[in-house]
Amino acid sequence: MSGGSVERVRAALAAAGHDDTVQAFPEGTRSAADAAAAVGCEVAQIAKSIVFRAGERAVLVVASGANRVDTAKVEAATGLKVRRADGGWVRDVTGFAIGGVAPLGHLAPPVVLVDEDLFALDRVWAAAGSPMHVFATTPGALLRISGGTRADVKEGA
C-alpha cells in the first residue's frame, strides 16, 4: 500500500507547486525520534501528523516532533469535539497508515492545524505516505500545501 500512498503525496506536492523532496529511509521514520535520527535533524524539525476523529471527519494536527498535542487546544481551534482515532479508521479516511500520514494527499480533506512552534524553524520534515518516506519543506509551505490553520496546539504551554 505504501507505494500508492507515496505516489499520491508526490502528485499532491506537484499539484501544489512544491518541489518533490520525498526521500526514503529504509530504517524507518515511524516516530519523530526515528525520523530525526534517519534524516539527521532535531526532533523539533519533524512535522508529525496526529489524526483525531470529529464524528466522521478527520482533524489532522501537524505538530513539532518535540511537542505533545493538547486536545483541548485542538477543540478550541477547530470548534470540534475530537478524540483519538484508531489505525483502521485513519487508514480508511486518510488513505495513509499511522506512521506515514502526510499533511496533504488525503482521500477526504481533513481539518488541518499546523503547530505554531514549527514556524520558528527554517526547514521541517513531514511524512510522505509511508513509515519510511518523508519530505523536506518550510513551515510556510507546509501551511500552504496542507490548507491548514496556524495554531497553538502544544500541551503544557
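Structure's up top.
Residues numbered from 1 in each chain as written. Predicted model: local features only at pLDDT ≥ 70, side-chain atom pairs only at ≥ 80, totals over all residues. Heavy atoms only, no water.

We now examine the packing of aromatic side chains. If you walk through the whole model with that rule in mind, you get 0 aromatic pairs. The ring of Phe 96 carries the charged tip of Arg 8 above its face, separated from the ring centre by 4.5 Å. In this arrangement the basic side chain of Arg 150 is found over the ring face of Phe 119, its NZ or CZ atom lying 3.9 Å from the centre. (Phe/Tyr/Trp six-rings, centres within 6.5 Å; stacked < 30°, edge-to-face > 60°. Lys NZ or Arg CZ within 6 Å of the ring centre and 35° of its normal.)

The next point concerns the pairing of strand 3 (residues 57-64). With 7 of its 8 residues buried, strand 3 lies for the most part within the structure. The sheet contact formed by strand 2 (residues 46-54) and strand 3 spans 8 bridges and is antiparallel. Residue pairing for strand 3: Phe 52 is matched across the bridge by Val 59. The loop that links strand 2 with its antiparallel partner strand 3 comprises 2 residues; one of these, Gly 55, has a positive phi angle of about 65°. Where strand 3 lies against strand 5 (residues 111-115), 4 bridges are found, and the strand directions are parallel. (Buried < 20%, exposed > 50% of the residue type's maximum accessible area, 1.4 Å probe, protein only. Helix = DSSP H or I, 4+ residues; strand = E, 2+ residues; numbered from the N terminus. Pairing = 2+ DSSP bridges.)

Further remarks concern the pattern of salt bridges. Tallying each qualifying case throughout the model produces 8 salt bridges. We note a salt bridge from Glu 75 to Lys 81, for which the minimum N-O separation is 3.5 Å. On the basis of relative accessibility, which here comes to 66%, the residue Lys 81 falls in the exposed class. Note that Glu 116 and Arg 150 form a salt bridge whose closest N and O atoms lie 2.8 Å from each other. Here Arg 150 lies in strand 8 (residues 149-151) and Glu 116 lies in the loop between strand 5 and strand 6 (124-127), a separation of 34 residues in the sequence. The class for Glu 116 is partly exposed, based on a relative accessible area of 33%. The partly exposed category is assigned to Arg 150, whose relative accessible area is 42%. A network of salt bridges, in which partner residues are shared, links Glu 7, Arg 10 and Asp 20. (Salt bridge = Lys/Arg side-chain N within 4 Å of Asp/Glu carboxyl O.)

Looking now at helix 4 (residues 87-94). Of all the residues in helix 4, the buried ones are Trp 89, Val 90, Val 93 and Thr 94. Here the buried residues of helix 4 occupy an arc of 105° about the axis, which is enough to place them on one side. Where helix 4 begins, one side-chain oxygen reaches toward the backbone nitrogen of Gly 88, 3.1 Å away; that side chain belongs to Asp 86. Gly 95, located one to two residues past helix 4, shows a positive phi value of around 85°. (Arc of directions from axis to C-beta. Polar contact = N/O pair within 3.5 Å; in protein donor to acceptor, adjacent residues only side chain to side chain.)

To continue, consider the environment of Ala 76. With respect to the helices, strands and loops of the structure, Ala 76 is situated in helix 3 (residues 71-78). With 57 residues separating them along the chain, Ala 76 and Asp 19 place their C-alpha atoms 33 Å apart.

Of all the 5 residues making up strand 7 (residues 133-137), 5 are buried; the element is thus mostly covered by neighbouring parts of the structure. When strand 1 (residues 22-24) meets strand 7, the two strands line up antiparallel, connected through 3 bridges. Bridge pairing in strand 7 places Ala 24 opposite His 133. Note that strand 6 and strand 7 share 4 bridges and pair antiparallel. Looking across to strand 7, one finds that Ala 127 is bridged to Val 134.

With that settled, the discussion passes to the layout of surface pockets. As a volume, the largest pocket reaches approximately 360 Å³. Lining the largest pocket are 22 residues, with Arg 30, Lys 48, Ser 49, Ile 50 and Gly 99 positioned closest to its centre. No other element matches the 6 residues that strand 2 contributes to the lining of the largest pocket. Grouping the amino acids of the lining of the largest pocket by side-chain chemistry returns 14 nonpolar, 5 polar and 3 charged. (1 Å grid on protein atoms, 1.4 Å probe; cavity = no way out; pocket = protein on both sides within 12 Å on 5 of 7 lines; lining within 4 Å. Points joined across faces, edges and corners; volume = space filled by probe spheres on them. Nonpolar A, V, L, I, M, F, W, Y, C, P; charged D, E, K, R; others polar.)

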